[in-house]
Every structure is written in C-alpha cells, then in structure tokens.
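Topology and contacts: notes
Residue strings, one per chain:
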Amino acid sequence: MLTVDSVSVSLGGERVLDGVSLSVAAGEVVAVFGPSGSGKSTLLRAVAGLVDVESGRVLVDGVEVTEAPTHRRSVGMVFQDEQLFPHRDVAGNVSFGLEMAGVERGERDSRVAEVLTAVGLEDFGGRDVSTLSGGEAKRVALARSLAPRPAVLLADEPLTGLDADLHDRLAVEVRSVLRASGTTTLWVTHDRAEAELVADRSVSLLDLGWRA
Amino acid sequence: MAAAAVPPSLAVVALVVVPAVNLVVSTLDAGAVSGVLGDQRVWEVVWFSLWQAAVSTAVTVVVGVWPAMVVARHRFRGRAVFIGGLTAVFVLPTVVLAAGVQVVLPGEWARGASAIVVAHVVFNLAVVVRTVAAAPVPVGLEEAARTLGASRLQVALRVTLPLVAPALWSAAAVVFLFSFTSFGVVRVLGDLSSSTIEVEVWRRAIRLGDVSGAAVLSVLQVVVLAVVLVVTSRMQRSRGLRGRSVLSPVPGAWSLAPVVAVAALVSAPLVALVWGSFRSGGGFSLDGWRAFGSDEIRPGLRLGLDPLGALSASLVSAVVATVFAVVLGGLAVAVISVTGRSGAWLDAGLALPLGVSAVTVGLGLLITFDSGVFDWRASWWMVPLGHAVVAVPFVVRPAVAAVRSVPGDLRTAAATLGASPVRAWWVTVGAALRRPLAAGAGLAAAVSLGEFGATSLLSRSGSETLPVVIERMLARTGGSFRAQGHALAVVLAAATMLIVVLIDRWREDRVGR
C-alpha cells in the first residue's frame, strides 16, 4: 500500500509538486496521466527518495519513509529509458536487486528464471543487454524491478518509445503480469488511453490538485 | 595535394622511420646485446623502472579518482581553474617540478624512490582527472541501482566503478607510460639505486659512449611498453556509455574536500620552488635572484654554465621547434584529411614519438645524423629538431580529431554551391583546423621550453637549454647555486604555465561563443 500525503517538492527553486495527495491500495494498479513536464516523474522520484520532499509524508505499507534512503524504502522503479546495466547480461540485471537483498545463489537463480518467464523472456538470461530490441529491453526492465518483490512498483512512462502495435500488446501483457504478481503499482504516463488500458484506476493530474 | 604530401612524408621517413630502423640495426650487434642483458645493473634498473611506474600509477589513480568524480558530477566555483591548473602542472618542465618536490620533501625523503613517486603522482593527476571527468557519469544507472536496494557504497562498487573502469584503465596506461619512461624527474631526484631505463640509456650513450648498448636498452624499453599497452587495451574497452553528464550543484562544501586536497598537493611544489629561490645559507636571501644570469662562482671564476645564454637558446629552440612542428604537422594533417585511409601511416608515424620516449627520439636522431654529409651533430638546430619531433604529436593529434569531426558531406555541399575543390577544402576542413593548430603551436612551444630528454642527448657544451642548466645547478652543492637554480626554474615554470593558461583561455572563449 502506498500513501502520498500533501507532498511538495521544489527543484532548482521552483515548486514542481504542491501538496499532492494520493493513495494506492495493496495490489492495486493506479495510473496518473498528464502532459509532459507537469511533474509526473518528480512524483515518482519523490516516492522513491531520489529527490527531497520539502513537506508532506510518504508511507509504504503504513510505514513512513519520507526521510529513508532510497534503498531502504522497498520500492522498485521502471525507468522510461530502462537504465539496464550495460556491464551485466540480462540475468545479471534481473538478479541485481536480489543480490543487494542478500538472497542466496540458488534461490536467486530460480527467481530470475521465474520473472523472466513471466515477461516472456525465458531464454534471454545470457544475452548482452545491448543486443535487445526496444520491447525486450522494456520487459527486462520490468522483470528486474519485480524480481526483489518490492512493496510498491513505480513505473515512469515505461512503454514510451515503442511503435503503436507493440505498445498496445505490451500494455496488455504488463497488466496481466502486474495482476498475477499482485504488485502495488503507481504508473505515470502522458497517454490517457494507456492509463486506462493498464490500470485498475486512472487519475488525471488536475484531479489531484496539481498546478499543471 | 600530391606535392603537399612530399614534405611530411619525407620528414616522417627521415625523422621517425630511419632513426627507428637505425636503433633496431644498432642492437643487432651480439656483443652489445649480451653485454647489456648480462649486466646485473641493467636488470636492477629494469626492475626499478617497472615497480616505481606501477606504484606511481596506482597512487595517482587512487588519489585522483575521488576528485575526478567530483569534477565529473558537479559544477562549482573554481572548477575550470582546478582542471586548468592540473593541466598546467602536467605540462611543466620535468626538472622544474622535480626541483619543487625536492624542496617540499624533508631530508632523506627528498631523494630516491619515494621522491620520484611523489613527483610522478603530482605530474600525472591531470591525466586521471581529465580522463575520468570526460567519461559520462552513469547517474541514471546509479539511481536504478538505488531503487533496487543498493546502498551508496554498493552503488559505487557494483555500478559506478565497473562503468568508469575503462576510463580509469586508459588513464592508468598513460600514467604508466610516462612514469616508466621518466627521465627529468629521475635525473633530479634519483640516486644510484633508483634509476630508470631512460636514464640508463642516456648514461650509456653520453657518459660511457656505448651507443649500441643504449640502443639495446631503448628497444627493450619499447618492448616492455608495448606489452603493457596491449595487456591493458582490453580493459580500456568502453561499456557503451554515451553522452555527456549534466553537472549538478555540489551537495555540500565538504564534498569539495578531495578537490581542495589535490589542489594543495599539486601547488605545494610550485610554492616551494618560489620559497627555495629566496633561501640561501639557511635564511631568507635575494642571492638566487641577484645571481640570476651570473655565470661566475665568484669574480673571475667561471661556473661553466651560462644561464642567460641558456635562456636565449631555449627561446630560440622554442620558436624554431614550434614553427617546424606546426608546418610539418599542419601539412601532414592536410594530407591525412584528403587521403583518408592511405594517410594513416603518416598519422601513425607522427604519433610514434609520443609512444616511445624523448630520450629514444634523441638517441635515434643522434645515431642517424652522425656521418658524411648528414653529420649534423654539432649543428645548433639539432636540439630544436629533436623538440619538434617530440612536440609534433601534440600538434597532430587534436588537429586530426578536428578534421575527422568535419562531415564529408560538408565539402560536397560547398562544391555543389560552386566552390572549387581547394576552396571547398579550405572553407570546411581548413576552417576546422585553424583553432587546433594554433593551440597545438602553443603546446609545442611549452613542450620545447621544458624538453629535457631529447635535449640531453642532442645539446652540445655551450649551447645548453634552460632545463639542462637548471638540472646541473641543482646537482651542485652550495646554497646559492640551489637558489639560483630555483630562480631559473621559477621563470621557466611561469613561462610554460602562462602559455598553457593562454591556450586554455582562448579555447574556452571560442567554445563559449
């Protein structure tokens, strides 16, 4: 469960988020849509602890994490440009979070195989990430974020940059992967149709009291 | 353009290829080879060269990586001055910096292996900082790692370090090359048990007159270097990170600590040099500056060294070497720009002096121009010629890079707009060449002013340049000689730093427009 309570964030002296509140129930997928440059990414980065929150609170599963460092928040994040580690192969990318959590080798390997299968890439473990197609890279990024079973998954326009056909197919697939794993997800996008396709509930920025 | 190809091709053949062949031929004497390889002292020198270079490289990388990361990530007041200052130190004459290090270090540390390592570290920090700061910082990947549960330390060790490793390895390879072939620093700071192959080449050729033995050692040095570079070239392969990092503000004043520490470390020898020029007989004194141009120990007793003559010899050498390097380099780059692939050998030939060492360059020229009508050993222009060969890669490398950055279509576009081939070349490639060639000229002048390796082999008694005179003065006992040597070193340091600062300024002005 995720609760964002009256969060304000300023970047470079400019107020980007102003008292935003939002909650995502356990296992729910909530999409927030709005134009680019409106602070959607900043909201996710504030939840992840990648930017400082000026005022307000962030709670993950009822525990306040507003001041906690990113790696202690149990959040996973899928980035718009994937950010796959170029010095690790596909399996190495997916197992990274498990290694950080101190999961043992055998358990790690089976979890990596499990999530790669879930995203339809069961034979891709040994592949160099620079050889992946756009859609494959997106799937690996999703698998990497899901592997350590984060309490909350943050998805920052994760389907941007794909052609329309692949975009729609992948949106449906991702929806079923998130459902099957029961992952609490906050998804941001500029695309209203995508929001409605992926999420249980979608919200416009404007409805959240944003100054768009 | 075929006519333009003749002078640089001839020059590469005469100044690089023939000397290199001569060096190799000189080693074909079985007696010389067994004489050198059977000499216990040679192996001690090889071992010392290797380990001091390895230690110098490791310390430079360890000391330099932290400030390099700060420079790579953040913008702060004095950032450009910090990078420019490190670069200016890197281009300082070796004997000048070594003299400064000698003043800074206390008593028994002021000579020998530790002093040599300190000097190499101070010199080469610029290589590590500039190379690492130029590589893109994987900020997005670091954030991804943090969302996957990695602590700051884990991010540094598991993500950042592996990704900047190729840049670190290429910096390390360059630092190793410079430390392994170190000459001026070792001549000033070394002692009997701490001598590099480079110094041993000079000692054999000049002190012992054993040119074949010196040639064997030179070739041995090149072979060791080649092995090291081949081994590390695998590690230097980039991981495909692209783009430039966006500089963020400094998170807090404390994070500038490594930058301040390195700035202090690097400026200490320079401050010490000025201090040393005012010290004589155990106290403050103006003797060093009063005796600045004096060639007498006391009235009527000659020193055997002429500081003012050396100053003018240095200036003349710098002018001649610069003109020579820029004309030769400029023609070569023009030819490379037109011939493309077939000009590659010219490119490689002119880069070679950077890969071998200055003493090797000097030795090659010395044994090439030593007989018949080509016996030019006593000619005054052998020194500037040697300087030009050493400096020409500094002119050619950036200029070739600038030429390669000009899209081929641009020339075609100019041609379709009615420009003749020569004019089309001039307005596209020619325009891109002017700036790097001018900067290269400045660097060539700075290199020539401080050049000590090739000069030690090529200069004749009575026509010494300033670095040679400084080294001799510092080798003498007696406080006032030291102070005088330090005063001369201060002037030489100021001159080279001025040139480098001017080039940097000018470059930034142009880039800023």
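About the criteria used
- Residues numbered from 1 in each chain as written.
- Chains lettered and ligands numbered in written order.
- Predicted model: local features only at pLDDT ≥ 70, side-chain atom pairs only at ≥ 80, totals over all residues.
- Helix = DSSP H or I, 4+ residues; strand = E, 2+ residues; numbered from the N terminus.
- Rg over C-alpha atoms; globule rule 2.2 N^0.38 Å.
- Buried ≥ 20, exposed ≤ 12 C-beta atoms within 10 Å, placed from the backbone.
- Contact = placed C-beta atoms within 7 Å.
- Pairing = 2+ DSSP bridges.
- Axes fitted to C-alpha atoms, helices over the stretch in contact; angles between N-to-C directions.
- Expected span 1.5 Å × (residues − 1).
- pLDDT = per-residue confidence, 0-100.
- Right-handed = clockwise from strand over helix to strand, strands pointing away.
- Domains from an automatic or database assignment.
- Nonpolar A, V, L, I, M, F, W, Y, C, P; charged D, E, K, R; others polar.
- Core = buried A, V, L, I, M, F, W, Y, C linked by C-beta atoms within 7 Å.
- Parallel < 35°, antiparallel > 145°, perpendicular 65-115°, else oblique.
- Left-handed = near helix turned anticlockwise from the far one by under 90°.

Before going further, it helps to examine the overall build of chain B. In terms of helices and strands, chain B carries 22 helices and 6 strands. The globule rule puts the C-alpha radius of gyration for 513 residues at 24 Å, and the 24 Å found for chain B is close to it. Dimensions along the principal axes, computed over C-alpha positions, put chain B at roughly 75 × 60 × 50 Å. The proportion of buried residues among the 513 residues of chain B is 50%. Taking as baseline every contact in chain B between residues at least 6 positions apart, the subset at least 24 positions apart corresponds to 80%.

Another aspect to go through is the overall build of chain A. Counting its secondary structure elements, chain A contains 6 helices and 9 strands. What you see for chain A is a C-alpha radius of gyration of 17 Å, in line with the 17 Å of a compact globule of 212 residues. Principal-axis analysis of the C-alpha atoms gives chain A an extent of 45 × 40 × 30 Å. Looking at chain A alone, contacts between residues at least 24 apart form 69% of all its contacts between residues at least 6 apart.

Okay, unusual backbone geometry next. Glycine aside, a negative phi is what most residues show, and trans is what most peptide bonds show. Residues and elements named next belong to chain A. Even without being glycine, R149 reaches a positive phi, approximately 50 degrees. Looking at the secondary structure, you find R149 in the loop between α4 (134-146) and β7 (152-156). For E157, which is not glycine, the phi torsion reads 45 degrees and is therefore positive. Structurally, E157 can be placed in the loop between β7 and α5 (164-181).

Residue and element names in this part refer to chain A. In spatial order, the strands read β6-β7-β8-β3-β9; together these 5 strands make up an open sheet with parallel pairing. Only two strands of the sheet have a single neighbouring strand rather than two, namely β6 (75-78) and β9 (201-204). Averaged over all neighbouring strand pairs, the angle between strand axes comes to 20 degrees, with direction disregarded. Together, β3 (29-33), β6, β7 and β8 (184-189) form the strand contacts of helix α1 (residues 40-48), whose direction differs from that of β8 by roughly 150 degrees. α4 rests against β6 and β7 of the sheet, and its axis sits at about 175 degrees to β6.

Helical periodicity: at 3.6 residues per turn, an α-helix aligns residues three or four positions apart in one direction. All names here are of chain A. With 13 residues, α4 ought to run about 18 Å at 1.5 Å a step, and its terminal C-alpha atoms sit 19 Å apart, in line with that. Taken across its 13 residues, α4 has 10 buried, putting it largely inside the fold. For α4, the full list of buried residues reads A137, K138, R139, V140, A141, L142, A143, R144, S145 and L146. Packed against the buried residues of α4 are β6, α2 (90-100), α3 (105-118), β7 and α5.

This brings us to the confidence of the model for chain B. For chain B, per-residue confidence averages 86 on the pLDDT scale, and residues scoring 70 or more make up 95% of the total. Taken together, the chains of this predicted complex give a pTM of 0.86 and an interface ipTM of 0.91.

All names here are of chain A. Taken across its 6 residues, β8 has 6 buried, putting it largely inside the fold. Residues T184, L186 and V188 point to one face of β8 and T185, W187 and T189 to the other, with burial holding for every one of them. One ladder, built from 5 bridges, connects β3 with β8; its direction is parallel. Note on β8: the bridge partner recorded for V29 is T185. Here 5 bridges tie β7 to β8, and the two strands are oriented parallel to one another. Looking at the pairing, D156 lines up with V188 of β8. Crossover handedness for the path β7 to α5 to β8: right-handed.

We now examine the domain arrangement of chain B. Residue and element names in this part refer to chain B. With domains assigned, chain B is organised as domain 1 (1-28 + 291-513) and domain 2 (39-244 + 253-277). On a C-alpha basis, the centroid separation for the pair domain 1 and domain 2 is 23 Å. At the level of elements, α1 (2-26), α16 (358-368), α19 (421-450), α20 (453-458), α21 (466-475) and α22 (479-512) are the ones that each hand at least two residues to the side of domain 1 that touches domain 2. With 14 residues, α22 is the single largest residue contributor to the side of domain 1 that touches domain 2. Among the residues making up the side of domain 1 that touches domain 2, the classes are represented as 23 nonpolar, 10 polar and 3 charged.

All names here are of chain A. Read from one edge of the open sheet, 4 strands run β2-β1-β4-β5, paired in antiparallel fashion. Edge strands, defined here as strands with exactly one partner in the open sheet, are β2 (14-24) and β5 (63-64). With 5 bridges joining them, strand β1 (residues 2-11) and strand β4 (residues 55-60) adopt antiparallel strand pairing. Of the residues in β4, the one forming a bridge with V4 is V58. The sheet contacts of α1 involve β1, β2 and β4, and relative to β1 the element is tilted by about 110 degrees.

Counting 223 residues, the largest nonpolar core has A:V47, B:A119, B:A444 and B:I470 as its most contacted members. Sorting elements by how many residues they give to this core places helix α6 (residues 113-134) of chain B first, with 15 residues.

The subject of this paragraph is the interface of chain A and chain B. At the interface, 19 residues of chain A touch 18 residues of chain B. Counting residues per element, the ones that place at least two in the side of chain A that touches chain B are β6 and α2 of chain A. Looking at the side of chain A that touches chain B, its residues break down into 11 nonpolar, 7 polar and 1 charged.

Turning next to the pairing of β7(A). For β7(A), the tally of buried residues reaches 5 of 5 residues, placing the bulk of the element in the interior. Of the two faces of β7(A), the one carrying A:V152, A:L154 and A:D156 and the one carrying A:L153 and A:A155 are both buried.

Structurally, B:V21 can be placed in helix α1. We classify B:V21 as partly exposed; it has 13 C-beta atoms within 10 Å.

Right, let's get into the packing of helix α3 (residues 40-73) of chain B against α6(B). Residues and elements named next belong to chain B. Packing of α3 against α6 leaves a shortest axis separation of 7 Å and a crossing angle of 40 degrees. Judged by the inter-axis angle, α3 sits oblique to α6. Where α3 crosses over α6, the two elements pack in a sense that is right-handed. Of the residues assigned to the contact of α3 with α6, the class counts are 19 nonpolar, 6 polar and no charged.

Time to look at the packing of α3(B) against helix α8 (residues 152-180) of chain B. All names here are of chain B. Look at α3 against α8: their axes get within 8 Å of each other, and the N-to-C directions meet at 140 degrees. In this view, α3 runs oblique relative to α8, as classed from their interaxial angle. Handedness of the α3/α8 crossing: right-handed. For the pair α3 and α8, contact is made by S49, Q52, A53, S56, T57, T60, V61 and V65 and by L168, A171, A172, V175, F176, S179 and F180, respectively. Taken together, the residues of the contact of α3 with α8 sort by class into 9 nonpolar, 6 polar and no charged.

Residue and element names in this part refer to chain B. Checked against the element boundaries, A99 lands in helix α5 (residues 94-104). Looking at A99, the number of C-beta atoms within 10 Å reads 32, which means it is buried. As a C-alpha pair, A99 and G184 span 85 residues in sequence and 10.0 Å in three-dimensional space. The contact partners of A99, leaving out residues within four places of it in the chain, are V188, L273, I470, L474, G485, H486 and A489.

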